[in-house]
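Now for the letters of each chain:
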Amino acid sequence: MLARSNDLSGDDCEIEPRGLNYRRARTILRAHDQHFACRQYLAAIAYLSADNDVD
């Protein structure tokens, strides 16, 4: 079982980010742009591709 992370910066590729908004999704993309199988990256791409750009 994976331990829950309290780190909101999105450094852990194993934990899907919660409470995404446009700015946070863009920040995650910049931080994880080479981690294509990472949950952080995939969640940010899904959020932005769903046209959720209202902040």
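Calculation rules
Residues numbered from 1 in each chain as written. Predicted model: local features only at pLDDT ≥ 70, side-chain atom pairs only at ≥ 80, totals over all residues. Heavy atoms only, no water. Helix = DSSP H or I, 4+ residues; strand = E, 2+ residues; numbered from the N terminus. Buried < 20%, exposed > 50% of the residue type's maximum accessible area, 1.4 Å probe, protein only. Contact = heavy atoms within 4.5 Å. Arc of directions from axis to C-beta.

**Examining the environment of L42**
Next up, step 1: Checked against the element boundaries, L42 lands in helix α2 (residues 39-49).
Next up, step 2: Given a relative accessible area of 46%, L42 falls into the partly exposed group.
Next up, step 3: In this structure the C-alpha to C-alpha distance between L42 and A25, which are 17 residues apart in sequence, comes to 9.9 Å.
Next up, step 4: With near-sequence residues (within four places) excluded, L42 lies in contact with F36 and A37.

**A look at α2**
Next up, step 1: Here α2 has its buried residues at Q40, Y41, A43, A44 and Y47. Buried residues along α2 cover an arc of 165 degrees about the axis, so they all sit on one side.
Next up, step 2: Among the structural elements, α1 (22-31) are those in contact with the buried residues of α2.
Next up, step 3: Immediately beyond the C-terminal end of α2, within one or two residues, lies D51, with a positive phi of roughly 60 degrees.

Any link to function would need more than the numbers given here.
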